[in-house]
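Observations on the three-dimensional arrangement
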Amino acid sequence: MSMLIKNVKTLTSLLDRESNEEIKLNILIDNGVIKNISESNIKGDFASVIDGKGYFLSPGPCDPQVHFREPGLEYKEDIKSGSMAAVKGGFTSVISMPNTTPTADNFETVKYMWDKQKEVGLCRVYPTGAVTMGLAGIQNADYVSLKEAGAIALTDDGKGIQKDEVFKAAMIEAAKLSLPLLDHSEDETLSAGGSIHQGEVSKKYNVKGINSDSEAVHVKRGCEMSAETGAHYHVLHISTAKSIAHVKEAKAKGYKVTAEVSPHHLLLCDEDIPEKSDGTLNANWKMNPPLRSKEDRAACQEALIDGTIDAIATDHAPHAPNEKEMNIENAPFGIIGLETAFPLIYTNFVKSGKLSLAKVIDLMSKDAGGLFKLDIVRIKEGAIADLTLFD
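Reference entry: report on the structure contained in this document.

Time to look at the pairing of strand E3 (residues 33–38). Relative to E3, strand E2 (residues 22–30) is paired through five bridges, and the arrangement is antiparallel. Residue pairing across strands places asparagine 26 opposite serine 38, the latter belonging to E3. Hairpin remark: E2 followed by E3, antiparallel, with two residues in the connecting loop; positive phi at asparagine 31, about 50°.

Attention now goes to a nonpolar patch on the surface. Side chains of Ile50, Tyr55 and Leu389 sit close together on the surface and give an oily, nonpolar patch of about 210 Å² of accessible area. Within the element layout of this structure, leucine 389 appears in strand E16 (residues 387–390). For leucine 389, a relative accessible area of 30% corresponds to the partly exposed category.

Let's shift gears to the packing of helix H7 (residues 213–229) against helix H8 (residues 241–252). Closest axis-to-axis distance for the H7/H8 pair is 8 Å, and the angle between their directions is 15°. As judged from the angle between their axes, H7 and H8 are roughly parallel. In terms of crossing hand, the pair formed by H7 and H8 is right-handed. Where H7 approaches H8, its residues Asp213, Glu215, Ala216, Val219, Lys220 and Cys223 are matched on the opposing element by Lys242, Ser243, His246, Val247 and Ala250. When its residues are assigned to classes, the contact of H7 with H8 shows five nonpolar, two polar and four charged.

Here the focus is the nonpolar core. Leu304 and Ile379 are the most contacted members of the largest nonpolar core, which totals 78 residues. Leaving out residues up to four positions away in the same chain, isoleucine 379 has contacts with Thr10, Leu14, Leu15, Ile27, Ile34, Ile37, Leu57, Ser58, Pro59 and Leu387. Ranked by size, the runner-up nonpolar core spans 14 residues in total, among them Ile95, Leu182, Leu236 and Phe372.

About the thresholds
- Residues numbered from 1 in each chain as written.
- Predicted model: local features only at pLDDT ≥ 70, side-chain atom pairs only at ≥ 80, totals over all residues.
- Heavy atoms only, no water.
- Pairing = 2+ DSSP bridges.
- Helix = DSSP H or I, 4+ residues; strand = E, 2+ residues; numbered from the N terminus.
- Patch = residues over 30% accessible without salt bridge, like charges linked within 9 Å, V, L, I, M, F, W, Y side chains within 5 Å.
- Areas by Shrake-Rupley, 256 points an atom, 1.4 Å probe, with all protein chains shown as cover.
- Salt bridge = Lys/Arg side-chain N within 4 Å of Asp/Glu carboxyl O.
- Buried < 20%, exposed > 50% of the residue type's maximum accessible area, 1.4 Å probe, protein only.
- Axes fitted to C-alpha atoms, helices over the stretch in contact; angles between N-to-C directions.
- Parallel < 35°, antiparallel > 145°, perpendicular 65-115°, else oblique.
- Left-handed = near helix turned anticlockwise from the far one by under 90°.
- Contact = heavy atoms within 4.5 Å.
- Nonpolar A, V, L, I, M, F, W, Y, C, P; charged D, E, K, R; others polar.
- Core = buried A, V, L, I, M, F, W, Y, C linked by side-chain atoms within 4.5 Å.

Here is the structure:
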């Protein structure tokens, strides 16, 4: 089936050219593959024609971290509703976390997730497999079977792995299988059941705070174990200046370490959490890791700009409205973000001149997919036509 997309604009750098100029294009797609890219009109009979009306054409963005909740928690989100949110935000690929019910710690659950996303067919939803059974941090899962079922990475996201020996054993096996290990870095002896960042806001509202070292000490551990094992260690939703310093040092030493940051940690801090009418804090601003200090936010922005951070990830983690209406100490962690990620980054980094549009698109497509060896390439003939039009 042929499709013509006409009257769009893009950057020459996204066509794998050395320049970085804006040009107007027409693109012919045949059976899901880009067949012709032309600055002139493309003539012929086509099954469908999309008039791009001067919109911006981008390689399809990839989100390295989402929580689609299916199987078992569909009242929060399912693969179909999550995929709808993804494509509404322009994403053509997402990486889904394993904290489902049952946990994606077995062949059957990962296979179910892989098959269900194909059935839905809106975007590619790549499943990950759990590092430990039930995310309990005690018994390592069977990583060979998880990879066979379709898992493209290993993670206990939602829970930090507390036992060093369990974490190291996972790193050793992940290296053998060439699977990245994605770390929710949280030392629970330091986070100690807190709800928001430990600082002046937590003191003011008498809410138990989360020490920022709870993330940093586990990031340091992961970087060191990456050096020991040769495994690809990836820091999920990095949020503190100390964590960023560990990643920067590891990269300087040549360790196989990468990191992602979420829009909310780039743009918000704990001082932004609003009060409800009853004088308590609004739990819609509760996520893990929490919104940190202004200094940590500035460090995240600097690390994104200087290249320490490799990708942008939403950590899209929906809950039912009644759950987020609870007191902030009882409400679950999680914030949505798929539909707003690109406009937020575009507005705050591209329009402000902090990053080029080409760099932002790379951070949200080629670079993000590269973490998992996904072939998210430039706009070029012969490539799969995973494309997005931005207004």
